[in-house]
Amino acid sequence: MRQFYLNRSGLNIYCQEYLPCDFDNTKKYQAILISHGFGATIADCSDHYMRFTDNGIAVYGLEFLGGARSDSTHSQGSSLDMSIYTEVSDLEALIDYVRELEYIDSEKMMLMGFSQGAFVSGITAARRANDIARLIMVYPALCMCDDARRGQLGGATYDINNIPQSWDCPNGMVISKQFHEAVVDIDPLGELMGYDKDVLIIHGMEDDIVHYSYSIRAKNKAYSKEKSQLLIMEKMGHCVPDTVYDAVFDSINFFIEGKKELLTIKVIITDNEVIEDTPGRHVNKIYFTGYCDSPMFKGAILPGACDTQITEEGVTRLRAVYTLFGKDSEGNTCTINIVNSRQGQYFRPVITTDSKALAYLNDEACYGTLEHHDYGVTIRIWK
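Computed from a predicted model, the values in this text were never measured in an experiment.

Draft legend 1. The arrangement of the pattern of salt bridges in detail. Tallied over the full model, the rule gives 22 salt bridges. With its nearest N and O atoms 3.7 Å apart, the salt bridge here joins R134 to D198. Within this pair, whereas R134 is found in strand β6 (residues 134–138), its partner D198 is found in strand β9 (residues 198–204), the two being separated by 64 residues in sequence. Overall, R134 belongs to the buried group, its relative accessible area being 16%. Accessibility expressed as a relative area gives 26% for D198, which makes it partly exposed. Here D293 makes a salt bridge to K298, at a shortest N to O gap of 2.7 Å. Overall, the relative accessible area of 52% leaves D293 in the exposed class. One salt-bridge network, in which partners are shared between bridges, spans E92, D96, R99, E100, R128 and D131.

Draft legend 2. The arrangement of the packing of helix α3 (residues 84–98) against helix α4 (residues 116–127) in detail. The geometry of α3 relative to α4 is characterised by a closest axis approach of 9 Å and an angle of 65° between their N-to-C directions. Crossing handedness for the pair α3 and α4: right-handed. Of the residues in α4, those in contact with I84, Y85, E87, V88, L91, E92 and I95 of α3 are Q116, F119, V120, S121, I123, T124 and R127. Among the residues forming the contact of α3 with α4, the class breakdown is 8 nonpolar, 3 polar and 3 charged.

Draft legend 3. Local environment of the environment of G56. Summarising the element assignment, G56 is placed in the loop between α2 (50–53) and β4 (58–63). Separated by 161 residues in the primary sequence, G56 and R217 have C-alpha atoms spaced 33 Å apart. The contact partners of G56, leaving out residues within four places of it in the chain, are P20 and Y29.

Draft legend 4. Inspection of the packing of aromatic side chains at higher detail. Within the structure shown, the criterion is met by 15 aromatic pairs. Between Y18 and Y49 the ring centres are 4.9 Å apart and the planes differ by 75°, which places this aromatic pair in the edge-to-face class. You can see Y18 sitting in strand β2 (residues 11–18) and its partner Y49 sitting in the loop between α1 (43–46) and α2, a full 31 residues away along the chain. Each member of the aromatic cluster is reached from another via a ring pair, and the members are F254, Y346, Y367 and W382. A cation over a ring is seen here: R134 above F255, with NZ or CZ 5.7 Å from the ring centre. Just above the ring of Y367 sits the side chain of R348; from NZ or CZ to the centre is 4.1 Å.

Draft legend 5. Focus on the layout of surface pockets. The volume enclosed by the largest pocket comes to roughly 840 Å³. Contributing to the lining of the largest pocket are 24 residues, with L230, E261, T264, S294 and P295 lying nearest its centre. By volume, the second largest pocket amounts to about 700 Å³. If you list the elements that add at least two residues to the lining of the second largest pocket, you get α1 and α5 (144–150). In the lining of the second largest pocket, the residues fall into 16 nonpolar, 12 polar and 3 charged.

Draft legend 6. Fine view of unusual backbone geometry. At S9, a residue that is not glycine, the phi angle is positive and equals roughly 55°. Looking at the secondary structure, you find S9 in the loop between β1 (2–8) and β2. Assessed through its relative accessible area of 64%, S9 is described here as exposed. A positive phi angle, near 55°, is found at E313, a position not held by glycine. If you trace the backbone, E313 turns up in the loop between β14 (306–312) and β15 (315–328).

Draft legend 7. Fine view of the side chain of D328. Structurally, D328 can be placed in strand β15. Of the side chains with opposite charge, K327 lies nearest to the buried D328, which makes no salt bridge, at 9.0 Å. When sequence neighbours within four positions are dropped, the list of residues in contact with D328 reads M296, F297, C334, S355, A357 and L358.

Draft legend 8. Expanded view of the nonpolar core. Membership of the largest hydrophobic core comes to 64 residues, with the highest contact counts inside it found for L33, Y60 and I104. Among the elements that take part in this core, α3 stands out by supplying 8 residues, more than any other. Ignoring anything within four residues of it in the chain, the contact list for I104 reads K28, Y29, A31, A58, Y60, V98 and M109. By size, the runner-up hydrophobic cluster in this structure holds 33 residues, among which are I34, I136, I202 and I252.

Draft legend 9. Here's a closer look at the sheet that holds β2. Ordered by their spatial adjacency, 8 strands build an open sheet running β1-β2-β4-β3-β5-β6-β9-β10, and the pairing between neighbours is mixed. This sheet does not close on itself; its edge strands, each paired only once, are β1 and β10 (228–233). When the angles between neighbouring strand axes are averaged without regard to direction, this sheet yields 20°. Sheet strands touched by α3: β1, β2, β3 (29–35), β4 and β5 (104–114). Its angle to β1, the strand with the most contacts, is close to 120°. On the sheet, α4 packs against β3, β5 and β6 and is oriented at approximately 140° with respect to β5.

Draft legend 10. Looking closely at the side chain of D307. Position of D307 relative to the elements: it lies in strand β14. Summary of buried charges: D307 has no salt-bridge partner, and the nearest side chain of opposite charge, R319, is 8.9 Å away. A distance of 3.1 Å separates the side chain of D307 from the side chain of Q309, its partner in a polar contact. D307 has contacts with N284, K285, I286, F288, L318, R319 and A320, leaving out every residue within four places of it along the chain.

Parameters and conventions
Residues numbered from 1 in each chain as written. Predicted model: local features only at pLDDT ≥ 70, side-chain atom pairs only at ≥ 80, totals over all residues. Heavy atoms only, no water. Salt bridge = Lys/Arg side-chain N within 4 Å of Asp/Glu carboxyl O. Helix = DSSP H or I, 4+ residues; strand = E, 2+ residues; numbered from the N terminus. Buried < 20%, exposed > 50% of the residue type's maximum accessible area, 1.4 Å probe, protein only. Axes fitted to C-alpha atoms, helices over the stretch in contact; angles between N-to-C directions. Left-handed = near helix turned anticlockwise from the far one by under 90°. Contact = heavy atoms within 4.5 Å. Nonpolar A, V, L, I, M, F, W, Y, C, P; charged D, E, K, R; others polar. Phe/Tyr/Trp six-rings, centres within 6.5 Å; stacked < 30°, edge-to-face > 60°. Lys NZ or Arg CZ within 6 Å of the ring centre and 35° of its normal. 1 Å grid on protein atoms, 1.4 Å probe; cavity = no way out; pocket = protein on both sides within 12 Å on 5 of 7 lines; lining within 4 Å. Points joined across faces, edges and corners; volume = space filled by probe spheres on them. Lys, Arg positive; Asp, Glu negative; His and termini not counted. Core = buried A, V, L, I, M, F, W, Y, C linked by side-chain atoms within 4.5 Å. Pairing = 2+ DSSP bridges. Polar contact = N/O pair within 3.5 Å; in protein donor to acceptor, adjacent residues only side chain to side chain.

This is the structure we're talking about:
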């Protein structure tokens, strides 16, 4: 990890660089630039960086001028001077710096942001479309414009007919009338339009700060249908909890590698049975049902679905076998047989189907993610 500062308008922006452990300065690396949310700090994002460096990607983070909590910020600037557009300028300064590094492939730079940082990343991608290869937005704060029109920016409440010069926010930030004026009259989707490359949006159904419907509209109205993907996570709010952490970051890495989500399967656990519990060995069978409601296939899991989990010497092996029955995208009745097991870092489902429309899945290398819920799991299958 390397720390450095960038100067913009006479103020220093604190930045960090994380490089893969096997870094070779004669090679060219993909780079991902990560932006924190409103009132957060660079430390709130740095825990995620290893998920990318482990896959050979260089990671860059910044702390926005006046954009982090005053008790822990490394950057200069006052929050009273901060707005989403000052943060766009900060991010552009980092883009200009990173793209000139000799070991960075300037044609494979990516932006990723959380909440307000996601909105900022989206605006920046639209302005710098020629410089950004992919865009990832995690619960983007596209509600900011509506919040401003209601007098509720930053989680505070103020008189929209008599805007104060500044006000305190519940998270400890103090923001100003300038912050309000920057967003009150803009169309957030209009700010995102113009970026026509690959986009991944991830949002939680339990987000009580930014409703996930904002991300649905962004996916449908601002971005290409063919090049954009939206993942709605059930048990996720305005953060990434442990229950879906692996699924979120595995999905992001799959997206970076050019994979696309094929099937989303809702699994409902119905029973479990311990068939062996001896010293050093534990065998558990988990029975389940469920359904799939994806564009290419709609159907239900047939009876007999079972996940066999064998734990020996502290290592657990999983092998889920099940069959889906329903209709493919052409309306033809078909079955999809899935055998899912963990191989190395990822789940690797093997698929066989009698559908002509989905016949390519019989030879497809697929990957899976699991999101854990009270009732079972959501399985997403990527190719």
